[in-house]
Amino acid sequence: QDPQQQQQMVENDAHELAQNIIMAAKKWSRTDEKRYNQKMRDLLFNLKKNVKLLQNVIHGQLTPMNLVHASNDQLASDEILSKRKSIQQLTMQERVINENLDKLKRDSYHTEKSKVLNFEASNKALLDTDYDIEPDALLNRKRKRKKKKTSSSKQEMDEDSEEDEEDESESDDDEEDEDD
């Protein structure tokens, strides 16, 4: 056969293959024009970019019906698939890190009251600062200070009144001695 006839046979085979792909795509889309147009754009893009896919279609290893039913991942080149996989792995790692941090944050915001109270009891020196965990703790501490002050002032008053009583009783004793 001469080269011109071979060229003609290749063109006829290519034309027949293209017609079979178009018919399979129309059958697959079930008269939905948008779906058909999108599939044809996907096939055209992938056949241009993926030499391996094109060779499989030309040599009959992939039928027009299987080509049309293939997903974008199945149509994609090995290079694109590896990029997608690496992006997916990075995204998964980011999700795991964020979820762990979020859990830690949640745990730190929700401390149990008993833990806070135990902390207060064991670290009284630290609690003299105004950096309390609970806002009520500062009020409670102020109340305790006031009670201590009032109780100490009561003790002083009691001591003073006892001294006054002692002074009075001494003065009474002195008066009795003078009367004798």
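Owing to the predicted nature of the structure, the values given are computational and were not obtained by experimental measurement.

J.: Hey, could you run me through the overall build of the protein in this one?
T.: In terms of helices and strands, the protein carries 8 helices and 0 strands. Helices (α) and strands (β) of the protein occur, in sequence order from the N terminus, as α-α-α-α-α-α-α-α. Buried positions account for 16% of the 180 residues belonging to the protein. Sequence separation of 24 or more characterises 41% of the internal contacts of the protein that already satisfy a separation of 6 or more. As displayed, the protein has an accessible area near 15500 Å², and 50% of this comes from carbon and sulfur atoms.

J.: Help me out: how do you make sense of the packing of helix α2 (residues 33-49) against helix α3 (residues 51-58) in this one?
T.: The geometry of a pair of packed helices is captured by two quantities: the angle between their axes and the separation between those axes. The geometry of α2 relative to α3 is characterised by a closest axis approach of 5 Å and an angle of 105° between their N-to-C directions. By the criterion of interaxial angle, the relationship of α2 to α3 is roughly perpendicular. For the pair α2 and α3, the contacting residues are Asn-46, Leu-47 and Lys-49 in the first and Val-51, Leu-53, Leu-54 and Val-57 in the second. For the contact of α2 with α3, the per-class residue count stands at 5 nonpolar, 1 polar and 1 charged.

J.: Before we go on, may I ask you to explain the nonpolar core in this structure?
T.: In terms of nonpolar packing, the biggest core is built from 14 residues, with Leu-43, Leu-53, Val-57, Leu-67, Val-68 and Leu-75 touching the most fellow members. Per element, the largest residue contribution to this core is 4 residues, and it comes from helix α1 (residues 3-29). Once you skip the residues sitting within four places of it in the chain, Leu-67 turns out to touch Ile-21, Leu-43, Leu-47, Leu-53, Val-57, Leu-62 and Leu-75.

J.: Please clarify how the layout of surface pockets should be interpreted in this entry.
T.: Summary: where empty space remains is shown by rolling a probe the size of a single water molecule over the atoms. Considering only enclosed or pocket space, the second largest pocket measures out at about 250 Å³ in volume. What lines the second largest pocket is simply Ala-14, Leu-17, Ala-18, Ile-21, Ile-22, Met-40, Leu-43, Leu-44, Leu-47, Leu-54, Val-57 and Ile-58. At the level of secondary structure, the elements contributing two or more residues to the lining of the second largest pocket comprise α1, α2 and α3. For the lining of the second largest pocket, the per-class residue count stands at 12 nonpolar, no polar and no charged.

J.: Help me out: how do you make sense of the packing of aromatic side chains in this one?
T.: Think of a pair of aromatic rings as described by two things: how far the centres are apart, and how the planes are tilted against each other in angle. Taken as a whole and judged by the stated rule, the model has 0 aromatic pairs. Sitting over the ring of Trp-28, Arg-35 keeps its end group 4.1 Å from the ring centre. Between the NZ or CZ atom of Lys-39 and the centre of the ring of Trp-28, over which it lies, the distance is 4.9 Å.

J.: Whenever I open this one, the pattern of salt bridges confuses me. Can you help?
T.: Counted under the stated rule, the structure contains 3 salt bridges. Its salt-bridge partner being Lys-52, residue Asp-78 comes within 3.8 Å of it at the nearest N-O pair. In this pair, Asp-78 is assigned in helix α6 (residues 78-109) and Lys-52 in helix α3, connecting sequence segments 26 residues apart. Salt-bridge contacts for Asp-73 lead to Arg-84; the nearest nitrogen and oxygen are separated by 2.5 Å. One end of the pair, Asp-73, is in helix α5 (residues 72-75); the other, Arg-84, is in helix α6, with 11 residues separating them in the sequence. Residue Arg-84 is classed as partly exposed on the basis of its relative accessible area, which comes to 37%.

J.: What should I look at first to understand the packing of α1 against α2 in this one?
T.: Closest axis-to-axis distance for the α1/α2 pair is 9 Å, and the angle between their directions is 140°. Overall, the two elements α1 and α2 adopt an arrangement that is oblique. Once α1 is placed against α2, the crossing between them reads as right-handed. Contacts between α1 and α2 involve Ile-21, Ile-22, Ala-25, Lys-26, Trp-28 and Ser-29 from the former and Arg-35, Tyr-36, Lys-39, Met-40 and Leu-43 from the latter. Classifying every residue of the contact of α1 with α2 by side-chain character gives 7 nonpolar, 1 polar and 3 charged.

J.: Mind showing me how you'd approach α3 here?
T.: One turn of the α-helix equals 3.6 residues, which is why residues spaced by three or four share an orientation. Capping the start of α3 is the job of one residue whose side-chain oxygen sits 3.2 Å from the backbone nitrogen of Lys-52: Asn-50. Phi for Gly-60, located one or two positions after α3, is positive at around 80°.

What counts and what doesn't
Residues numbered from 1 in each chain as written. Predicted model: local features only at pLDDT ≥ 70, side-chain atom pairs only at ≥ 80, totals over all residues. Heavy atoms only, no water. Helix = DSSP H or I, 4+ residues; strand = E, 2+ residues; numbered from the N terminus. Buried < 20%, exposed > 50% of the residue type's maximum accessible area, 1.4 Å probe, protein only. Contact = heavy atoms within 4.5 Å. Areas by Shrake-Rupley, 256 points an atom, 1.4 Å probe, with all protein chains shown as cover. Axes fitted to C-alpha atoms, helices over the stretch in contact; angles between N-to-C directions. Parallel < 35°, antiparallel > 145°, perpendicular 65-115°, else oblique. Nonpolar A, V, L, I, M, F, W, Y, C, P; charged D, E, K, R; others polar. Core = buried A, V, L, I, M, F, W, Y, C linked by side-chain atoms within 4.5 Å. 1 Å grid on protein atoms, 1.4 Å probe; cavity = no way out; pocket = protein on both sides within 12 Å on 5 of 7 lines; lining within 4 Å. Points joined across faces, edges and corners; volume = space filled by probe spheres on them. Phe/Tyr/Trp six-rings, centres within 6.5 Å; stacked < 30°, edge-to-face > 60°. Lys NZ or Arg CZ within 6 Å of the ring centre and 35° of its normal. Salt bridge = Lys/Arg side-chain N within 4 Å of Asp/Glu carboxyl O. Left-handed = near helix turned anticlockwise from the far one by under 90°. Polar contact = N/O pair within 3.5 Å; in protein donor to acceptor, adjacent residues only side chain to side chain.

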